[in-house]
Amino acid sequence: MDAAAAQGLESFAEVRAWLLDSVRPASTWRVHPRDDGTVEVARSRAVVTLIEPGQSAPDHFDHLLVVGPPPKLADALEELDDPRVHLLGLPCAEGVLARVVDAALEAADAFARARVTDQLLEIGMALNAARDPARVLELILQHARSITGADAGSIYLVDEEAGRLRFEVSVNDSVETNLQAHTLVIGADSVVGASVLRRRVIRSPDLYQPTPRPDESVRHDRSIDKRFGYQTRSMITAPMISPEGRVLAVIQLINAKLGPEPLRTATDFDERVRPFTAEDERLCSSLASQAAVALESARLYAEIQSLFEGFVRASVHAIEQRDPTTSGHSQRVANLTVALAQAADGVSVGRFASTRFSPEQLREIEYAGLLHDFGKVGVREEVLVKAKKLYPHQLALVQARFGHMRQVLEVDRLRAQLALARKGLPDDPALEREHQQRQHELARMMALVLEANEPSVLPTEASSQLAEIAGHQFVDADGKTIALLQGDELDALLIRRGSLTDAERVEIQHHVTHTYDFLVRIPWGRSLSKVPEIAAKHHEYLDGSGYPSALPSTDIPLQARMMTVSDIFDALTASDRPYKKAVPVPLALDILHAEHKRGKIDPDVLELFIGTKLYEGPQGT
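Residues numbered from 1 in each chain as written. Predicted model: local features only at pLDDT ≥ 70, side-chain atom pairs only at ≥ 80, totals over all residues. Heavy atoms only, no water.

### What to know about unusual backbone geometry
Stated formally: Per the convention used, a helix needs a DSSP run of H or I reaching at least four residues, while a strand needs a run of E reaching at least two, with both numbered from the N terminus. For each residue, the accessible area found with a 1.4 Å probe, counting protein chains only, is set against the maximum for its type, and the residue is called buried under 20%, exposed over 50%, and partly exposed in between.
In this structure, the amide linkage connecting L90 to the following residue, P91, adopts the cis form with an omega of 5°. Along the chain, P91 falls in the loop between β5 (85–89) and α4 (94–129). Here the bond from Y547 into P548 is cis, since omega is 10°, no more than 30 degrees from zero. For A550, which is not glycine, the phi torsion reads 50° and is therefore positive. Residue placement: A550 occurs in the loop between α18 (531–536) and α19 (558–573). Classification of A550 by relative accessible area gives partly exposed; the value is 41%.

### Side note on the environment of E52
Rules: What makes two residues a contact is simply this: any of their non-hydrogen atoms within 4.5 Å.
On the secondary structure map, E52 appears in the loop between β3 (46–51) and β4 (63–68). Between the alpha carbons of E52 and V66 there is a distance of 5.5 Å; along the sequence they are 14 residues apart. Filtering out sequence-adjacent residues up to four positions away, E52 remains in contact with F12, V66 and V67.

### A look at the sheet that holds β4
The test is simple: By definition, two strands form a pair when at least two bridges between them are found by DSSP. Axis lines are fitted through C-alpha atoms, for helices just across the contact stretch, and the angle between N-to-C directions can take any value from 0 to 180 degrees.
Ordered by their spatial adjacency, five strands build an open sheet running β1-β2-β3-β4-β5, and the pairing between neighbours is mixed. Looking along the sheet, the strands with just one partner apiece sit at the ends: β1 (30–33) and β5. In this sheet, neighbouring strand axes are inclined to one another by 25° on average, regardless of whether the strands run parallel or antiparallel. Here four bridges tie β3 to β4, and the two strands are oriented parallel to one another. When the sheet's bridge partners are listed, I51 is paired in β4 with V66. Most of the contacts of helix α3 (residues 70–79) go to β4, to which it runs at about 145°, and overall it touches β4 and β5.

### Remarks on the pairing of strand β2 (residues 39–43)
Successive side chains on a regular strand alternate, one facing one side of the sheet and the next facing the other. The element β2 is largely enclosed, with a buried count of five among its five residues. Where burial is concerned, the two faces of β2 agree: the one with V39, V41 and R43 and the one with E40 and A42 are both buried. Hairpin remark: β1 followed by β2, antiparallel, with five residues in the connecting loop; positive phi at G37, about 95°. Judged from the five bridges that link them, β2 and β3 form a sheet pairing that is antiparallel. What sits directly across from R43, in β3, is A46. Where β2 folds back onto β3 in an antiparallel hairpin, the turn is made up of two residues, including S44, whose phi is positive at roughly 60°.

Shape descriptors only; they carry no functional weight alone.
Rendered as C-alpha cells:
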C-alpha cells in the first residue's frame, strides 16, 4: 500500500483518479469521466455521479455523491435537498470510498426500480388511452428507451402476407436516421427476423465482439452503422405477441448507455455503452406483451373506425343515388358545420369564449352533417326529385289533352266545311278565322300552363287564368267530357312558390323524422351519442316555427344551430339544383340575415359564419 493510500484520499481529484485507475475490466463498476470534471460510476442500470461541494448538480441524475471536506458538505446539503444525495467526507480510506459508492449504487438501483414501477403504471394508462396505432408505437418506443436507458430504438411491423418486416418507428439520440422505406425478410439471418421466428427476446451484450454462446449467434448487418457513422453495440430485441399468438411487431433497443449525452466518438461507444441486463430483458418482454395488447386494441379500434366511416360514406352515397340533384350537399354541410365549430372553439371572447369541441365532438358533428338528410331514403322518389310543379307523367297527360282538343277543333272545322259543301255553298272565311283563333287560344293556354309549371313565384293574375283553363272541356270519341286540367293538376300549378304541394312538402319534411328513426337505432357509443339529435334538429328554428317538432330554442343544441346556418347557405348557393338557379353569395347572406331578423336562426352563429368567411374556404366547395 503506498503512502497516499495509507493516509487516505484527501481531495476530490484523488478520489477521481483512484476511481479511474483502480477499476478494472473485471469489476462490476463502469467508470466514466465527464467533461465538467465529475465522474460517473455505473453498475447495471444504476448510475452514481460524484461531484465536489459547490459544483452544480447535473440536470438529470440517478444518485448524487458529494465528496469533500466536512465543513463544505454542510453547505452542499442545504443546497441539494434531495433524498438521492449522499455525502462523503474527506479524507477517507479507499475501502470506505468503495463501500460508500457501493451503498450509493444500491440506493440508485432502488430508486431506479421504483421509477420503473411508476413508469410501467404510466405506460399502462398511456397505452390504454391511445387509439391511434401509430401513436401506440411511438409510446411503446418512448417508454422502452426511457426504462432501459437505450440510446436508440426502432419498431418493425410484421407483414405476414409478404413475409417481411417493415420499419415503422425509429429514434436515435446520437445520429439522424431515416429508414422509413427499409424492410427485411423474416428470416434467421437478421436479429429482428430471428426474434420473430424464435418468438422470444434476443439480448446481445456487444455485437462488435464475438458472441460467447453459439446458440445465441445472430448476424448484425453493420452496413447501416457505416451508413450513419454509428456503432450498434448492445441490443435487445423483443417480439410483440398478441393474446392469440400472432407476432404483430418487434421492438429493438440499441446501446444502453451511461448519461443522457449523445454517443459521438469511439471512446463513447467503448466506455459509455453497457450491456442490457437480465432485468432490462424482463422489463422489455413485459412491455412488449403489454404493447401487443394495446397495439391489437388500437388496430381493432382503427378498423372499427374505418368500418364506421365506410358505413357513413356508403349511407351518403345511398342518399345521393336517391337524389342526384343534391349530390355533394351532405359533404358541404358537414364541412361547413365542422369549420364553424372549430371557429367557435378558437374564440376567446364573447359568447363562444368557453365553447370547446374535442376531436370526438368534431367527428360527431361531421357524421351528423353527412347523415342529416339520410331520411330522404324514406321519401317517395318522385317527390324527392320533383323539379317542377307537375310530375313528368302529369305534364304528358295535360299535353295529350291539349293535343286531343286541337284534333277536336280540327274535326269541328272539317265537319262545318263538309256541311257547307253538301249544301253546295262555298267555304265560309269566318269559319277558318274562328278555327285559327281557337287554335291560337289553345296554344296560349298551353304556354301559360308551361310557364306556371316552373317552380318560380307564380304571378297573382295567373291563378284566375289557370282556373279559367281548367273550365275548358272537350268531348272525346266515346262521348266523355274531359277538362283540360284535372283537380290535382290545377292544385299543383297553383303552388305559389317552389314545386311542392302542401302534402308533398310535409312528406319531404318527414325526412328529418326518418333520419332520426334511422340514426337512433345505430349504437354510436358514448363519443358519438349526439349524432341523431344534431341531425334531427337542423330544421328547427329558434322561434319555434321549425320542423318536425317545432321545438323551443332552449331545446336546440349549438351544433344543430350551426348546421342550420350551413344547410340554408348551401341550399341557396348550390349550383346543382335543377329546379332553381344558384343564389349569389351576397344575396344568400342577405337571406340569412332576414332569417335572423325573423327570429329563426342563431345571430351569434350567423355572425361567426360571416365574420370568419368560412364559405370562402375549401370546406364550402
